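The lines below spell out each chain.
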Amino acid sequence: MTSSLPSQTWHWQGYPILYRHQGTQGIPLLLIHGFGASSLHWRKNIPVLAAHHPVYAIDLLGFGGSAKPSPSVVPYTFETWATLVLDFCREVIGQPTVLIGNSIGCVVALQAAVFQPAWVSQLILLNCSLRQLHERKRQQLPWYRRWGTRLLQQLLGNRTLGTYFFRQIAQPRTLRRILHQAYANPAAVTDELVEILLTPAQDKGAADVFLAFVRYSQGPLPEDLLPQITCPTYFLWGAADPWEPIDEAQKLAQFPRVQEFVALPEVGHCPQDEAPEQVNAYILKWIGQNVCP
């Protein structure tokens, strides 16, 4: 399947950024992956959507086949990634774009829409990261949980310990176990998926990017950004997500620009990969509805 999705390279601030593109007619879409993933996490969506729209899928800086500069050189923040996305919309796509994200990719999309609303015509957000480890959210936890999380982040700040921790996670058996938590349907955890996620983890700099983001407890929360959104926004949520609980997520539906919030029963954290038929159908249904002029 992945062989039918050739990649291209665009340079952003001197760094090579990998992306994929299919389709020519209609409103353009940009697919933004989640933490530790890449454009290939949308491999089940790109061909279907591209039959109706120009579809772009990008590897964010630090992930997939894109450059992985040191966090001491480039801050791995939502502001950085949102700037990258907006520059891609201007320089590569060339017109206002529908941003479709999964997990942290949703926060990137939200931040981009806040930064430059004119370049974002619509948002479709799949299991948006609720950023449960954010410093403001941690203040609501019991003291022992706050202390434990902070201690773990401090330990991961030690490069030797942190790199060892990353190398333990970047093993097929460990990754497969994590995916079986994230996905409600075990049949969706394939050898292909494991390879897609593991291959970039072998790149130089991958461990440093991982550790920088694990320790990133600042920046925006979805509920900070949503009140500032001016374009129509849609949520799809795998209701069996163990990391981003739907009870908390449904609170996001109260914001004015949210048009619809759809729960997908028995689907986990990555609906685009686990339930692509449902996701593709909703995306095609929503595209063009109430698009910002």
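Located above this text is the structure these notes cover.
In short, a report on the structure. It should be emphasised that the depicted structure is a prediction, and the values quoted were computed from it without experimental measurement.

**Focus: the overall build of the protein chain**
Then, in step 1: Scanning the protein chain from N- to C-terminus turns up 13 helices and eight strands.
Then, in step 2: Counting the 293 residues in the protein chain, one finds 54% classified as buried.
Then, in step 3: When contacts within the protein chain are restricted to residue pairs at least 6 apart in sequence, those whose partners lie at least 24 apart make up 75%.
Then, in step 4: Accessible surface for the protein chain amounts to roughly 12600 Å². Of this, 54% is attributable to carbon and sulfur atoms.

**Focus on the packing of aromatic side chains**
Then, in step 1: For the coordinates displayed, the defined rule picks out 12 aromatic pairs.
Then, in step 2: An angle of 80 degrees between the planes, with centres 5.9 Å apart, marks the rings of Y56 and F88 as edge-to-face. Residue Y56 is located in strand β4 (residues 55–58), and its partner F88 is located in helix α2 (residues 78–93); the two are separated by 32 residues in the primary sequence.
Then, in step 3: Seen from their ring centres, F235 and W237 are 6.2 Å apart, and the 45 degrees between their planes marks the pair as tilted.
Then, in step 4: According to the relative accessible area criterion, F235 is buried, its value standing at 0%.
Then, in step 5: You can call W237 buried: its relative accessible area is 0%.
Then, in step 6: The structure contains a cluster of three or more aromatic residues connected by ring pairs, namely F35, F63, Y76, F78 and W81.

**Side note on the pattern of salt bridges**
Then, in step 1: This model, assessed by the stated rule, comprises eight salt bridges.
Then, in step 2: Between K44 and D273 there is a salt bridge, with its nearest N and O atoms 3.2 Å apart. With K44 in the loop between β3 (29–32) and α1 (46–50) and D273 in helix α12 (residues 271–274), this pair connects stretches of sequence that are 229 residues apart.
Then, in step 3: On the accessibility criterion, D273 (1% relative accessible area) is buried.

**So, the sheet that holds strand β7 (residues 233–238)**
Then, in step 1: Ordered by their spatial adjacency, eight strands build an open sheet running β1-β2-β4-β3-β5-β6-β7-β8, and the pairing between neighbours is mixed. Two strands lie at the open edges of the sheet, namely β1 (7–12) and β8 (258–264), each paired on one side alone. Averaged over neighbouring strand pairs, the angle between their axes works out to 25 degrees when direction is ignored.
Then, in step 2: Relative to strand β6 (residues 120–126), strand β5 (residues 97–102) is paired through six bridges, and the arrangement is parallel.

**Considerations on the nonpolar core**
Then, in step 1: Ranked by internal contacts, the top residues of the largest apolar core, which has 51 residues, are L30, L99 and L123.
Then, in step 2: In contact with L123, not counting residues within four places along its chain, are L99, A109, L110, A113, I229, C231, P232, T233 and Y234.
Then, in step 3: With 25 residues, the next largest nonpolar core counts I124, L264, A275 and I283 among its residues.

Reading the values: rules and limits
Along each chain, numbering runs from 1 in the same order as the chain's sequence is written. At least 70 in pLDDT is required for a residue's local features to be given in this predicted model, at least 80 for side-chain atom pairs to be given and counted, and no such filter applies to totals for whole chains, interfaces and linings, which use all residues. Based on all heavy atoms of the structure, the side-chain values leave hydrogens and waters out of the count. Numbering of helices and strands starts at the N terminus; helices are DSSP runs of H or I of at least 4 residues and strands are runs of E of at least 2. Relative accessibility decides the category of a residue: with a 1.4 Å probe and only protein chains considered, values under 20% of the type maximum give buried, values over 50% give exposed, and everything between is partly exposed. Residue contacts follow a heavy-atom distance rule, with two residues in contact if any of their heavy atoms lie within 4.5 Å. For every accessible area listed, the method is Shrake-Rupley and the probe measures 1.4 Å; residues are considered covered only by the protein chains on display. When two rings of Phe, Tyr or Trp (its six-membered ring) have centres within 6.5 Å they constitute a pair, described as stacked for plane angles under 30 degrees, edge-to-face for angles over 60, and tilted for the intermediate range. The term salt bridge refers to a side-chain nitrogen of Lys or Arg lying within 4 Å of a carboxyl oxygen of Asp or Glu. If DSSP finds at least two bridges between two strands, the strands pair. For helices, the fitted line uses only the C-alpha atoms of the stretch in contact; every axis is such a line through C-alpha atoms, and the angle between N-to-C directions lies from 0 to 180 degrees. Nonpolar cores were defined as sets of buried Ala, Val, Leu, Ile, Met, Phe, Trp, Tyr and Cys residues, with membership established by side-chain atoms within 4.5 Å.

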